[in-house]
Amino acid sequence: MPTINTGMTEQQLENELTQVRLLSALTYPALRRVVEQGRLIQVPEGRVIVGPGFGSTGLFVIMDGTVAVSLPFGPGLAYLAKGEIFGEMALLEGTERTAYCRAYSDCLLFEIPYGSFHADLAANPVVHQAVDQLYARRREMNQAILSGGPPPDLTPPEKPEPAASPAEADSDQPPAAATSGPAPAKPEAPKPPPVYVTA
């Protein structure tokens, strides 16, 4: 998944990340380091981002779009939206990914690399506690399903309508009414006001 250039400045990216609840407690120097070391990536709908034996070792922040999370044998676990994170379980456990995370719609993600996660996020007590709580909830859900419990009852979110191309937009316009006879005469252009010359 290549790094992309969205035209977003570092300052704009910092502002976006401060709106993520889990990252809001980061100090400004730590946030700066995270922005400098991380990367924005664009993921098209349907592509697997991470999974068992697949993908990078970073933590992902959803900047736009929706990510579907499922276990390898099928049950869906969650739909994650803008401002949510995923990938923390493998980072905290030091193990392989346990679930597949797939782009349910076109996604813009910010990836925080392994080293930055441990140096800046896990080193912050408030952020570390929030990540631990999220990890505990997700791990408990996974264990319950693996033990035979029912998966969560999920309702897939609505996908955004694709933007119409200019040609399609023009085709939606009703055809102009047919006219018969000569075309109406164009009105005369208004005459400019007279210019008076004074001596």
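Details of the structure are given in the entry above.
Each residue is numbered by its place in its chain's sequence as written, counting from 1. Given that this is a predicted model, residues contribute local features only at a pLDDT of at least 70 and side-chain atom pairs are listed and counted only at 80 or more, while totals for whole chains, interfaces and linings are drawn from all residues. Side-chain measures here rest on the full set of heavy atoms in the structure, leaving out hydrogens and waters.

Caption draft 1: Representation of helix α2 (residues 28-37) in the model. Buried residues of α2: A30, L31, V34 and V35, and no others. The buried side chains of α2 occupy one side of the element, clustering within an arc of 135 degrees when seen end-on. Tucked inside the fold, the buried residues of α2 contact α1 (10-18), β8 (107-112) and α4 (114-121). Here's how the labels work: a residue is buried when its accessible area is under 20% of the maximum for its type, exposed when over 50%, partly exposed in between, all with a 1.4 Å probe on protein chains only. Each helix is a run of H or I in the DSSP string that is no shorter than four residues. Each strand is a run of E no shorter than two, and both are numbered from the N terminus. By arc we mean the arc of the directions from the helix axis to the C-beta atoms, nothing more. Note on contacts: a residue pair is in contact if any heavy atoms of the two residues lie within 4.5 Å.

Caption draft 2: Geometry of α4. Of all the residues in α4, the buried ones are S116, F117, D120 and L121. Seen along its axis, α4 keeps its buried residues to an arc of 105 degrees; they face one direction. In the core, the buried residues of α4 are packed alongside α2, β3 (59-64), α3 (88-93), β8 and α5 (125-146).

Caption draft 3: Structural context of the pairing of strand β7 (residues 100-103). By the alternation rule, side chains of β7 split into C101 and A103, which are all buried, and Y100 and R102, of which none is buried. Sheet topology note: the strand β2 (residues 48-50)/β7 ladder contains two bridges and is antiparallel. Within β7, the residue paired with V48 across the bridge is R102. Inspection of the sheet shows strand β4 (residues 67-70) paired to β7 by four bridges, in the antiparallel sense. Paired with S70 across the bridge in β7 is Y100. Criterion used throughout: strands pair if DSSP finds at least two bridges between them.

Caption draft 4: Expanded view of the sheet that holds β3. If you walk across this open sheet you meet the four strands as β1-β8-β3-β6, and the pairing is antiparallel. Sheet topology places β1 (39-43) and β6 (85-86) at the edges, where each strand pairs with a single neighbour. Two strands pair when backbone bridges link them, and β3 and β6 are joined in this way by two bridges, in the antiparallel orientation. Paired with F60 across the strands is F86, a residue of β6. The convention used is that axes are lines fitted to C-alpha atoms, helices contributing only their stretch in contact, and that angles between N-to-C directions extend from 0 to 180 degrees. The sheet strands contacting α1 are β1, β3 and β8, and the helix crosses β3 at an angle near 100 degrees. Relative to the sheet, α4 contacts β3 and β8, its axis offset from that of β8 by approximately 65 degrees.

Caption draft 5: Quick peek at the packing of α1 against α2. It is the contact of α1 with α2, at a shortest axis distance of 10 Å, that shows an interaxial angle of 115 degrees. Judged by the sense of rotation from one axis to the other, the crossing of α1 with α2 is right-handed. The segment α1 lies against α2, with E10, Q11, L13, E14, L17 and T18 engaging Y28, L31, R32, V35 and E36. In this classification, Asp, Glu, Lys and Arg are treated as charged, Ala, Val, Leu, Ile, Met, Phe, Trp, Tyr, Cys and Pro as nonpolar, and every other residue, Gly included, as polar. Partitioned by chemical class, the residues of the contact of α1 with α2 number five nonpolar, two polar and four charged. Left-handed describes a crossing in which the near helix is turned anticlockwise from the far one by less than a right angle; the clockwise case is right-handed.

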